[in-house]
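# Coordinates in review
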Amino acid sequence: MDNSTIYVRERGSLRRVSDIVLAQPKPALSCRRTNPFVPRKEHFIFTYNEEGSLRYTTKSLFDITLLFVVDNIHHVDSLIGFPEQIGDKLFVAAEENRVFLNPEISSKALQLFSDAYGGMVLESLCLRNRFPLLHERMDEIKTFHSLKSLDLFGCKLGDNHELFQHLTSTSLASLIQLFIGSNSLSDAGLQRLTAPIRMMHKGLDSLQLLDISYNNISERALGYLTCLPKLANLDVSGTSLKLGTELKATMSNLLGLIYSEKPLDTFEHSRCKTEGWAEQVVNQWEMNSSQMPKQKKVEESRISALRFFGRQKFVRTVLNARPLTHKSTEEDKSERLHFYRLANSDVREKQVSSRANDLETPCHDPRKRRLQSETCDTSHESPLGKRSSSLTLTAEDIDLLNSY
């Protein structure tokens, strides 16, 4: 197989495949496995009988083929159409073979499984206070297209992170819960995050829960959240917002949300977990990062050079950094600002319509009610209550759109 030509039968026709170099199996020096993470490459299984004698049996053709596909997973075009049982076994074999730790092929391998099996690969991802893992595995994380819950609390995103474009893409249309608290976000960052949604009406269509707590968010930023049609739970604890009648009225008029006297259980961290086939893969990434060899002592000139040019210095500095901490638990509970929507989905529509009726004093003809209410709203409604549209784009919004 070293220099021979490879032929593939596909859809009844035989074609020759060029420029493919198959992985060569590593010779086994002993029947014992010195490294438990590396699966056996030979085609025999060694066991001991009751008498203590060594015996071996041949592996099944399925197991041999499975290992062959795993070793050459970077040559696979698609797994669409293969049964879920086969995909599960193939994923486990790739995980044991540490395929997803190889930065050269991990993204492509995860993309294959995500395209074929969707949410079974990963349905929920929790990266709370694990910002080194997020930054080191950004390409692999972007391959999870069927996430329903994503926890990025304390990941130091800032206002201009590259992940914003991925969050608002159609690949995360199934996202229901998003936690982006304690990320040094401001009004500008929230505006940038929601700009594609407000302008092109695409992205986060299914989002029901949003956590933007412990960010420098003011009441002005609430107007950017009106583009989320299914938003039902919002956490703004630890922000610039202060609980009062004005905030309650703004939440009710803009988003149709009411204040919760008791903290909502949906925002508890214990409910957020990493679930799916790739759960152990995420743990492998974190263990591999934490087990990086310590940097040796070098001269001051060498240290200066590493700070300026070296990648390893930056990685170790980030890994050794302490996670973000906040106030005590008692203080957090006393400052919880949780808002939710009632079970009746028509509450927000009734509130908006009643607000429009209060504003349209000269409008009496039912046949012209809608047109006149719109003209009245444009003349009397506050800037926070305005819904963004393609006809009223500001220069700042156009710049944000061009940046994408």
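Another aspect to go through is the layout of surface pockets. By volume, the second largest pocket amounts to about 780 Å³. Around the second largest pocket, the lining is made up of 24 residues, and of these Val69, His75, Val76, Asp77 and Phe82 lie nearest the centre. Secondary structure elements with two or more residues in the lining of the second largest pocket: strand E1 (6-10), strand E2 (13-17), helix H1 (61-71) and helix H2 (84-96). Split by residue class, the lining of the second largest pocket holds 16 nonpolar, 4 polar and 4 charged.

With 13 residues, H2 should cover 18 Å at 1.5 Å per step; its first-to-last C-alpha distance of 18 Å lies within 8% of that length. Those residues of H2 that sit buried are Gly87, Leu90, Phe91, Ala93, Ala94 and Glu95. Directly beyond the C-terminal end of H2, a positive phi value near 60 degrees is found at arginine 98.

Turning our eyes to something else, we now look at the sheet that holds strand E9 (residues 233-235). Sheets are built from strands paired through backbone hydrogen bonds, the pairs being either parallel or antiparallel. Read from one edge of the open sheet, 7 strands run E5-E6-E7-E8-E9-E11-E10, paired in mixed fashion. Two strands bound the open sheet, and with one partner strand each, they are strand E5 (124-126) and strand E10 (258-259). With 2 bridges connecting them, E10 and strand E11 (residues 338-340) associate as antiparallel partners. Counterpart to isoleucine 258 in the pairing with E11 is tyrosine 340.

Moving on, we get to empty space enclosed by the protein. A water-sized probe, rolled over the atoms, reveals where empty space remains. For the structure shown, the criterion picks out 3 cavities of 30 Å³ or more. Taken as a whole, the largest cavity spans an internal volume of roughly 40 Å³. Taken together, Leu178, Leu190, Leu193, Thr194, Ile197, Leu204, Leu207, Leu210, Leu225 and Leu228 make up the full set of residues lining the largest cavity. A breakdown of the residues in the lining of the largest cavity according to their chemical character gives 9 nonpolar, 1 polar and no charged.

On to the pattern of salt bridges. Tallied over the full model, the rule gives 6 salt bridges. With its nearest N and O atoms 2.7 Å apart, the salt bridge here joins arginine 130 to glutamate 286. Placement of the pair is arginine 130 in the loop between E5 and helix H4 (131-136) and glutamate 286 in helix H9 (residues 279-290), with a sequence separation of 156 residues. Classification of arginine 130 by relative accessible area gives buried; the value is 16%. We note a salt bridge from arginine 336 to glutamate 268, for which the minimum N-O separation is 3.9 Å. In this pair, arginine 336 is assigned in the loop between helix H12 (329-334) and E11 and glutamate 268 in the loop between E10 and H9, connecting sequence segments 68 residues apart. Overall, arginine 336 belongs to the partly exposed group, its relative accessible area being 22%.

Reading the values: rules and limits
Residues numbered from 1 in each chain as written. Predicted model: local features only at pLDDT ≥ 70, side-chain atom pairs only at ≥ 80, totals over all residues. Heavy atoms only, no water. 1 Å grid on protein atoms, 1.4 Å probe; cavity = no way out; pocket = protein on both sides within 12 Å on 5 of 7 lines; lining within 4 Å. Points joined across faces, edges and corners; volume = space filled by probe spheres on them. Helix = DSSP H or I, 4+ residues; strand = E, 2+ residues; numbered from the N terminus. Nonpolar A, V, L, I, M, F, W, Y, C, P; charged D, E, K, R; others polar. Expected span 1.5 Å × (residues − 1). Buried < 20%, exposed > 50% of the residue type's maximum accessible area, 1.4 Å probe, protein only. Pairing = 2+ DSSP bridges. Salt bridge = Lys/Arg side-chain N within 4 Å of Asp/Glu carboxyl O.

Read these as spatial facts, not as claims about activity.
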